[in-house]
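What follows is each chain in one-letter form.
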Amino acid sequence: RKWRPQVFDDVYGQEHITSILKYETEHNKFSHAYLFCGSRGTGKTTCAKILAKAINCLSPENGEPCGKCELCEAADRGTLLDITEIDAASNNGVDNIRSVIEEVSFLPAQGNRKVYIVDEVHMLSGGAFNALLKTLEEPPEHVVFILCTTETHKIPATILSRCQRYDFGRIEADDIVARLEYVANKEGISLTKQAAYLIARLSDGAMRDALSLFELCVGSGGEVNYDIARALLGVPDRERLHSLCECIVSKNTSAALEKVNGM
């Protein structure tokens, strides 16, 4: 949470999306509904939070929320009344969505627009989607919906067609390594390049997973190097993997099983 990006420029590996969102902020041209989809830990909810803040920022700078005005500070604290976050995994019924729909007709209390961030939107029930559809068809000008999901195929086509869709790809290892090194530098932690790449590879393109793994390695107290990262993250050493591969290539079944058993 500490190192969750607060501006679009801090979001690594999704420049094809953040550049458009910055342009919309700079020119005050926002869609009434966004759909952020992609695998976990790729920046969907983070970008939703930044966009919600940018929409209501009093003085955006180069398409970014300033982070200094009273509305940005309120958004960071989670006390801005015009930004509502809904976890669809636990609030997926018709009544939950109807309560939101009843609110949208009211004008914003503090900012420019009311923003509703619906996380894991694919978890909504069929009735809830139908209730939401009417509002997405004829939304008030002062309302913006940002829907986030990891499973786009579960969202009805009628909802998809009414949203501006952005697909978040898995983050490249080089981008993850750059972010890990940045965080390590700020925290005064010694992190070797080899260890950073190991963490990046194990995170499978998810920045959040990478930071969680890095945090686990930092618990050792000293320098985070390859050997420490490998031991803490449960990765077998390369020599064992190479010898296992040699057994497989030479079709030495008994030796291969012995290697696996040893691991």
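Our structure is the block above this text.
A few points on the structure. (Residues numbered from 1 in each chain as written. Predicted model: local features only at pLDDT ≥ 70, side-chain atom pairs only at ≥ 80, totals over all residues. Heavy atoms only, no water.)

Examining the nonpolar core
What counts, and what does not: Here the nonpolar core consists of buried residues drawn from Ala, Val, Leu, Ile, Met, Phe, Trp, Tyr and Cys, with membership extended through side-chain atoms lying within 4.5 Å. Note on exposure labels: buried denotes an accessible area under 20% of the residue type's maximum, exposed denotes more than 50%, and partly exposed covers the range between, all computed with a 1.4 Å probe on protein chains only. Only DSSP runs of H or I with at least four residues qualify as helices, and only runs of E with at least two residues qualify as strands; both kinds are numbered from the N terminus onward.
Core analysis: the largest hydrophobic core is formed by 29 residues, its most contacted members being Leu21, Tyr34, Phe36, Leu51, Val115, Ile117 and Ile146. Listed by contribution, the elements that provide at least two residues to this core are helix H1 (15-26), strand E1 (33-38), helix H2 (44-56), helix H3 (70-77), strand E3 (114-119), strand E4 (143-149) and strand E5 (164-168). Here this core gets seven residues from one element, more than from any other, and that element is H2.

Description of the pairing of E1
Stated formally: Note on pairing: DSSP must find at least two bridges between two strands before they are called paired.
Burial analysis of E1 places six of its six residues in the buried class, the great majority of the element. Residues of E1 alternate between two faces, with Ala33, Leu35 and Cys37 on one and Tyr34, Phe36 and Gly38 on the opposite face, all of them buried. As paired elements, E1 and E4 share five bridges and run parallel to each other. Paired with phenylalanine 36 across the two strands is cysteine 148, which belongs to E4. Inspection of the sheet shows E1 paired to E5 by five bridges, in the parallel sense.

Description of the packing of aromatic side chains
Short version of the rule: Note on ring pairs: Phe, Tyr and Trp rings are taken, using the six-membered ring of Trp, and paired if centres are within 6.5 Å. Classes follow the plane angle, with under 30 degrees stacked, over 60 edge-to-face and the rest tilted.
Taken as a whole and judged by the stated rule, the model has six aromatic pairs. On the numbers, 5.9 Å between centres and 85° between planes, the contact of tryptophan 3 with tyrosine 182 is edge-to-face. Here tryptophan 3 is found in the segment before H1, whereas its partner tyrosine 182 is found in helix H7 (residues 173-187), with 179 residues between them in sequence.

Describing the layout of surface pockets
Counted only if it meets this: A cavity here means a set of 1 Å grid points, computed over protein atoms only, where a 1.4 Å probe fits but cannot escape. A pocket is an open set with protein on both sides within 12 Å along at least 5 of 7 lines, and lining residues have an atom within 4 Å of a point. Grid points are joined across faces, edges and corners, and a volume is the space filled by probe spheres set on the points. Under the scheme applied here, ten amino acids are nonpolar (Ala, Val, Leu, Ile, Met, Phe, Trp, Tyr, Cys and Pro), four are charged (Asp, Glu, Lys and Arg), and all others, including Gly, are polar.
Roughly 790 Å³ of internal volume is contained in the largest pocket. What lines the largest pocket is a set of 32 residues, among which Arg1, Trp3, Arg4, Arg208 and Leu211 lie closest to the centre. Secondary-structure elements contributing two or more residues to the lining of the largest pocket are H2, E4, H7 and helix H9 (207-218). Considering every element that reaches the lining of the largest pocket, the biggest residue donor is H9, with seven residues. Tallied by class, residues from the lining of the largest pocket come to 12 nonpolar, eight polar and 12 charged. In this structure, the second largest pocket encloses a volume near 320 Å³. If you go around the second largest pocket, you meet 16 residues; those closest to its centre are Lys49, Ala75, Asp76, Gly78 and Glu85. For the lining of the second largest pocket, the secondary structure elements donating two or more residues are H2, H3 and strand E2 (83-87). If one sorts the elements of the lining of the second largest pocket by residue count, H2 sits on top with five residues. The class makeup of the residues in the lining of the second largest pocket is seven nonpolar, three polar and six charged.

With respect to the pattern of salt bridges
The condition that has to hold: Here a salt bridge means any side-chain nitrogen of Lys or Arg lying within 4 Å of a carboxyl oxygen belonging to Asp or Glu.
For the structure shown, the criterion picks out 11 salt bridges. Put simply, lysine 134 and glutamate 138 hold a salt bridge, and the shortest N to O gap is 3.9 Å. By relative accessible area, which is 49% here, lysine 134 ends up partly exposed. Where glutamate 181 meets lysine 193, a salt bridge forms, and the shortest distance between an N and an O atom there is 3.0 Å. A residue pair is termed long-range when its members are at least 10 positions apart, and glutamate 181 in helix H7 and lysine 193 in helix H8 (residues 193-203) qualify at 12 residues. With a relative accessible area of 28%, glutamate 181 lands in the partly exposed category. Since its relative accessible area comes to 46%, lysine 193 is described here as partly exposed.

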